[in-house]
Amino acid sequence: MQESFYWENMTILAIAIAGAIGSVLRYWLGRVVQRIAHVGFPVGTLVVNLLGCVAVGALTAHFINDETHPVVRAALVVGFCGGFTTFSTFSIETYGLFAAGNWPRASAYVALSVVCCLVGTAAGFRFVNHLHR
C-alpha cells in the first residue's frame, strides 16, 4: 500500500516536471518558427504539433515491448508530449481564422495539421520499429 502510494506520487511529480519542460519548449519553439516564417499562417503551432506527434509515435513504439519504468513512460508521453503538443492552441487559432472569414486558410490549416501530424506519428513509430530490428 505504502509503495503504491509512493509510485503514484512519483508519477504525478514526473508528469508535472516533464509537462512544464514540454510547455516551455512548445512556447519557445513555436515563437521562433513563427518569427522565422514571416507568414500570416500559424506555422509555429503546426511545426510543434508535427514534432510532438513524431515524438508520441516514436515513444509509443519504443515502449511497446520495452521494460522502461512506468514513471518514465508517463513522464515522457503524458508529461512532456502532453505539454509540448498544442492542439488547444490549434483549435483557437483555427477558430480565429474561421471567425475572421478566412475559410480557405482555416481549411488548409486543419487539413495540413491532421495529415502532417498523422504522418508524423506513423513516421516516428516506424522509425523506432526500424531501429529495433
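The structure under discussion appears in the preceding block.
Predicted model only: the values in this text are computed from it and were never measured.

Our focus in this paragraph is unusual backbone geometry. If a residue is not glycine, its phi is most likely negative; likewise, a peptide bond is most likely trans. One non-glycine residue, His38, lies in positive phi territory at about 50°. Among the structural elements, His38 can be located in the loop between α1 (2-37) and α2 (43-64).

Here helix α5 (residues 103-131) spans 42 Å end to end across 29 residues, near enough to the 42 Å set by a 1.5 Å rise per residue. Contacts from the buried residues of α5 go to α2 and α4 (87-99). The N-terminus of α5 is capped by Asn102, whose side-chain oxygen sits 3.3 Å from the backbone nitrogen of Arg105.

Packing of α1 against helix α3 (residues 70-84) leaves a shortest axis separation of 6 Å and a crossing angle of 30°. With respect to α3, the element α1 is oriented roughly parallel. Pair α1 / α3 crosses with right-handed handedness. Tallied by class, the residues present in the contact of α1 with α3 amount to 14 nonpolar, six polar and one charged.

Moving on: the packing of aromatic side chains. Enumeration over the complete set of coordinates arrives at six aromatic pairs. Pairing Phe80 with Phe84 gives two aromatic rings, centres 5.7 Å apart and planes at 10°, and the pair type is stacked. With Phe80 and Phe84 both in helix α3, this residue pair falls four residues apart, about one helical turn. Assessed through its relative accessible area of 23%, Phe80 is described here as partly exposed. Three or more aromatic residues joined by ring pairs form one cluster here, namely Phe41, Phe87, Phe90 and Tyr109.

Another point: the packing of α2 against α5. Their axes nearest at 7 Å, the elements α2 and α5 cross at an angle of 30°. Classified by the interaxial angle, the pair formed by α2 and α5 is roughly parallel. As α2 packs across α5, the resulting crossing turns out to be right-handed. Residue-level inspection shows Thr45, Leu46, Asn49, Leu50, Cys53, Val54, Gly57, Ala58, Thr60, Ala61, His62 and Ile64 of α2 in contact with α5, the latter providing Tyr109, Leu112, Ser113, Cys116, Cys117, Gly120, Thr121, Gly124, Phe125, Val128 and Asn129. Broken down by class, the residue content of the contact of α2 with α5 amounts to 13 nonpolar, 10 polar and no charged.

Conventions adopted
Residues numbered from 1 in each chain as written. Predicted model: local features only at pLDDT ≥ 70, side-chain atom pairs only at ≥ 80, totals over all residues. Heavy atoms only, no water. Helix = DSSP H or I, 4+ residues; strand = E, 2+ residues; numbered from the N terminus. Expected span 1.5 Å × (residues − 1). Contact = heavy atoms within 4.5 Å. Polar contact = N/O pair within 3.5 Å; in protein donor to acceptor, adjacent residues only side chain to side chain. Axes fitted to C-alpha atoms, helices over the stretch in contact; angles between N-to-C directions. Parallel < 35°, antiparallel > 145°, perpendicular 65-115°, else oblique. Left-handed = near helix turned anticlockwise from the far one by under 90°. Nonpolar A, V, L, I, M, F, W, Y, C, P; charged D, E, K, R; others polar. Phe/Tyr/Trp six-rings, centres within 6.5 Å; stacked < 30°, edge-to-face > 60°. Buried < 20%, exposed > 50% of the residue type's maximum accessible area, 1.4 Å probe, protein only.

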